[in-house]
Amino acid sequence: MSPELQVQISQVKKKEWVDLQGLVSCATTHLATSPESFGPSCASISLLGRGSYNAVYKLEFSDGTRLAASLSNLDEETFDPKAKRSEIETMKFVRESGLYPDIPVPEIFAWDTTFTNPACAPYVLMELISGRALANDLDDLSQTQQFSYVKSVARLQACLSRPVSFDKIGSITSGDEQRVVGPLMTLTQKCLGGPYKSMKDLWRAQLEKQILRALQEWCSAETDFLNPHLEPQCTPQMFAELFQLLSSLIPHFQPQKSYLPLVLHHPDIALRNILFDESSISSGDLKIAALIDWGGAQILPLMFTAKYPDDLRTTGEYPFEPPGWDHNEDWDTVPCDWTSTGDPSQWPRAFGPGNKPIDFAPRVHAVISKFYLRTYFNACYAENLYALDADVDLARATLFRDATYYMKFHEVVCGDWKSWVRHKTWIRETYWRLRLAGHRARGSQELIIGPNMYRENVEESVCDLGISGEYPVIVEYELDSVTLKLVPKGNVLV
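The rules behind these values
Residues numbered from 1 in each chain as written. Predicted model: local features only at pLDDT ≥ 70, side-chain atom pairs only at ≥ 80, totals over all residues. Heavy atoms only, no water. Axes fitted to C-alpha atoms, helices over the stretch in contact; angles between N-to-C directions. Helix = DSSP H or I, 4+ residues; strand = E, 2+ residues; numbered from the N terminus. Parallel < 35°, antiparallel > 145°, perpendicular 65-115°, else oblique. Left-handed = near helix turned anticlockwise from the far one by under 90°. Contact = heavy atoms within 4.5 Å. Nonpolar A, V, L, I, M, F, W, Y, C, P; charged D, E, K, R; others polar. 1 Å grid on protein atoms, 1.4 Å probe; cavity = no way out; pocket = protein on both sides within 12 Å on 5 of 7 lines; lining within 4 Å. Points joined across faces, edges and corners; volume = space filled by probe spheres on them. Patch = residues over 30% accessible without salt bridge, like charges linked within 9 Å, V, L, I, M, F, W, Y side chains within 5 Å. Areas by Shrake-Rupley, 256 points an atom, 1.4 Å probe, with all protein chains shown as cover. Salt bridge = Lys/Arg side-chain N within 4 Å of Asp/Glu carboxyl O. Lys, Arg positive; Asp, Glu negative; His and termini not counted. Charge placed at Lys NZ, Arg CZ, Asp CG, Glu CD. Buried < 20%, exposed > 50% of the residue type's maximum accessible area, 1.4 Å probe, protein only. Core = buried A, V, L, I, M, F, W, Y, C linked by side-chain atoms within 4.5 Å. pLDDT = per-residue confidence, 0-100. Pairing = 2+ DSSP bridges. Expected span 1.5 Å × (residues − 1). Polar contact = N/O pair within 3.5 Å; in protein donor to acceptor, adjacent residues only side chain to side chain.

### Regarding the packing of helix α5 (residues 199-217) against helix α6 (residues 236-249)
Alright, step 1. With their axes 11 Å apart at the nearest point, α5 and α6 run at an angle of 165° to one another. It follows that α5 is roughly antiparallel to α6 by the angle criterion. Here α5 runs over α6; the crossing is left-handed. Residues Arg-204, Leu-207, Gln-210, Ile-211 and Ala-214 of α5 touch α6, and the partners they reach there are Phe-239, Phe-243, Leu-246 and Ser-247.
Alright, step 2. Broken down by class, the residue content of the contact of α5 with α6 amounts to six nonpolar, two polar and one charged.

Put into C-alpha cells, the structure is as follows:
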C-alpha cells in the first residue's frame, strides 16, 4: 500500500470500528483473476456520500478499474443482515428481471454481511455510476429543474407500478435456487414478519404483536397508566378501544381490484438517492443515471405504494403549525396540504442568528408550491402509465389521490401502540364516519376517501356512560394553545 493511499485512508471519515485498509484488501481480492494471483493495487480512496444507514466510498485502481463500496453505518447490535441481503437481492432483481429497463441500478459484484471480514463491517462492492446528485433540497432547484425532476420521478414510479410475478407480501430475498419473497423489512430495518398472503394477514399479525407485548409487559402494572412519565399517555382502556377499532376496520381497507396487483415499492425515492446524467443537468432535461439505496424495498399491493417522493412531502409542523392544525394528523407517508398562506400577521415570530427576525414568507410559499408540484406529479404518473404500458385504467391513473386513507391506515397499524395513541383521533373518527355511512353494508367495495384532516367530531353522537370517572380517562383541554392532560378522579380533576 502506497504512502499516499495510507494518508488518504487516515483522512477519510469512517465509523470507528471500520477498517478501510481491510476494505481495500477485500476489493483487491475481488478483482484478482484467480485465488493465487493479486489484483490491481488501489491508487485512491475517497468518500462519495454518507447517509443514515450507509457510507459510500470510491475506490480507484492501478488498471483503471473504479468501484463504489458501500459500508454499513450501523453497529453489530443494530445491523440486520436480513435487511442488507434483501436490499442486495432487490437491486439484482431490478437489473435482471427485465421489468425495469428505465430504472438504472448499479451492478453488484461482491458483498459480505458480517462484521468478521477484513473491513470489520458489512460491505457491498458495486459498479461506480457516472452521474451526480442534483441537490439536497428541492427548494434549491430552479422552477424548470423542479418540473423536470417531478417528471423524472413520476416516470420512475410508473415503472415500479408494473405487476411482479411474486404472490406474497414481503421483501425480496434469496431462496435455494431463485429469489423469493421473505419477511417484510422496513426502511429502518424493522422486520414485520411474514411473508404474508394478504394485507389482512399482515395487519392482524401487527395487532397481535401488540397484544403479546401487553401480556408480557403490562400484566404487572401498578397503575392504569401504561406510559406514566412519557408521551404519549395511554391507559389499558384506551389501548383496548383502539385495538378493537383498528381490528374492526381491517375489512374496510381491502383495496378495489385495480389496486391489488403486487408491485415493487422503493420507500425512499428522493433527490439524495438519485444520480443524474451530467449533461442532462446543464440542458435542463434531467435523465436519471441511477436510483440507489434500496433498503426497505417491499412487495406490496399497488395501493400501498402511493408514497410521494420525499422531496415533495410537506408536514403540518414546517415552517410552523397552521391555524387549526392537529399535530396528531402528521403522517410519514401522507403529506399535509398547505394550500394558502393564511393571514401573515398571525404568523409566529421567531428569530435566527444575531437575533434577526425570520422571514417565513419564502418557506410558506415553498410548501404551498409543493402542493401544486404533487398535482403535477399525479398527472405525470398517469401519463407514464399509458406511455409505458398503455394502461388506461382510470382507478390506477388517480392512485395517489385515492390512496390517502389506505396509506394512513397501513401506517398506523404497522406502527406500535404509541402510533395508535398519536393517531387516536383519526382512528376514532374514521371508524365512526364509516359506521354512520354504512360502508360496505351492501357488500360493495366502495373506495374510502376523505379530507386531508378531520375538523369536526362525529363521535359526539355517541352517549358515553363512563362519565362518572369509574376508570381513568386521559382528557385533553385546550387553553391558549397549550394542551393540559387531566385525569378525572371521582368528581375532582387532578
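Once you've had a look at it, read on.
### Regarding empty space enclosed by the protein
Alright, step 1. One pass over the structure, following the stated rule, counts three cavities of 30 Å³ or more.
Alright, step 2. In this structure, the largest cavity is lined by 13 residues; those nearest its centre are Glu-87, Leu-187, Gln-189, Gly-295 and Gly-296.

### Remarks on a negative patch on the surface
Alright, step 1. On the surface, Glu-16, Asp-75, Glu-76 and Glu-77 cluster together into a patch of negative charge.
Alright, step 2. Considering the arrangement of structural elements, one finds Asp-75 in the loop between β3 (66-72) and α3 (81-96).
Alright, step 3. Since its relative accessible area comes to 30%, Asp-75 is described here as partly exposed.

### Observations concerning the nonpolar core
Alright, step 1. Of all hydrophobic cores here, the largest spans 99 residues; its most connected members are Ile-103, Trp-203, Phe-253, Leu-264 and Trp-294.
Alright, step 2. If you tally residues by element for this core, the top one is helix α4 (residues 143-160), at eight residues.
Alright, step 3. Formed by 23 residues, the second largest nonpolar core is a distinct cluster that contains Ala-27, Cys-42, Ala-69 and Leu-71.

### So, the layout of surface pockets
Alright, step 1. Roughly 1,200 Å³ of internal volume is contained in the second largest pocket.
Alright, step 2. Around the second largest pocket sit 42 residues that line it, and Trp-331, Asp-332, Thr-333, Glu-411 and Gly-415 are the ones nearest its centre.
Alright, step 3. For the lining of the second largest pocket, the secondary structure elements donating two or more residues are β11 (298-301), α11 (404-414), α12 (417-422) and β13 (482-486).
Alright, step 4. For the lining of the second largest pocket, the leading source of residues is α11, giving four residues.
Alright, step 5. Of the residues that constitute the lining of the second largest pocket, the class distribution is 13 nonpolar, 14 polar and 15 charged.

### Structural notes on the confidence of the model for the protein
Alright, step 1. Per-residue confidence for the protein gives a mean pLDDT of 90, with 92% of residues at or over 70.
Alright, step 2. For the stretch residues 476-494, pLDDT sits under 50, and the model shows 33 contacts to residues farther than four places along the chain or on other chains.

### Topic: the pairing of strand β1 (residues 42-50)
Alright, step 1. In this structure, β1 lies alongside strand β2 (residues 54-61), joined through seven bridges in antiparallel fashion. Across the sheet, Cys-42 pairs through a bridge with Phe-61, a residue of β2.
Alright, step 2. With antiparallel pairing between neighbouring strands as the criterion, β1 and β2 make up a hairpin whose turn holds three residues.

### Quick notes on the packing of α5 against α11
Alright, step 1. α11 packs onto α5 with a crossing angle of 35° between their chain directions and a minimal axis gap of 9 Å. In this structure, α5 contributes Met-199, Leu-202, Trp-203, Gln-206 and Leu-207 to the contact, and α11 contributes Phe-409, His-410, Val-413 and Cys-414.
Alright, step 2. Broken down by class, the residue content of the contact of α5 with α11 amounts to seven nonpolar, two polar and no charged.

### Re the side chain of His-265
Alright, step 1. With respect to the secondary-structure elements, His-265 resides in strand β8 (residues 262-265).
Alright, step 2. Judged by its relative accessible area of 7%, His-265 is buried.
Alright, step 3. Excluding its chain neighbours within four sequence positions, the residues that come into contact with His-265 are Ala-297, Gln-298, Leu-300, Thr-305 and Lys-307.

### Side note on the pattern of salt bridges
Alright, step 1. Counted according to the given criterion, the structure contains 24 salt bridges.
Alright, step 2. Across the pair Asp-389 and Arg-162 runs a salt bridge, and its minimum N-O distance is 3.0 Å. Of the two residues, Asp-389 sits in helix α8 (residues 361-389) while Arg-162 sits in the loop between α4 and β6 (171-174), which places them 227 residues apart along the sequence.
Alright, step 3. Judged by relative accessible area, which is 41%, Asp-389 ranks as partly exposed.
Alright, step 4. On the basis of relative accessibility, which here comes to 12%, the residue Arg-162 falls in the buried class.
Alright, step 5. Each of Glu-89, Lys-92, Glu-96 and Arg-179 takes part in a single network of salt bridges with overlapping partners.

### Description of α4
Alright, step 1. Here α4 spans 26 Å end to end across 18 residues, near enough to the 26 Å set by a 1.5 Å rise per residue.
Alright, step 2. With 13 of its 18 residues buried, α4 lies for the most part within the structure.

### Regarding the side chain of Ser-258
Alright, step 1. Mapped onto the secondary structure, Ser-258 falls in the loop between α6 and β8.
Alright, step 2. Classification of Ser-258 by relative accessible area gives buried; the value is 18%.
Alright, step 3. A distance of 3.0 Å separates a polar atom in the side chain of Ser-258 from a polar atom in the side chain of Asp-393.
Alright, step 4. Non-local contacts of Ser-258, meaning those with residues more than four positions away in its chain, are made with Leu-302, Asp-393, Ala-395 and Arg-396.

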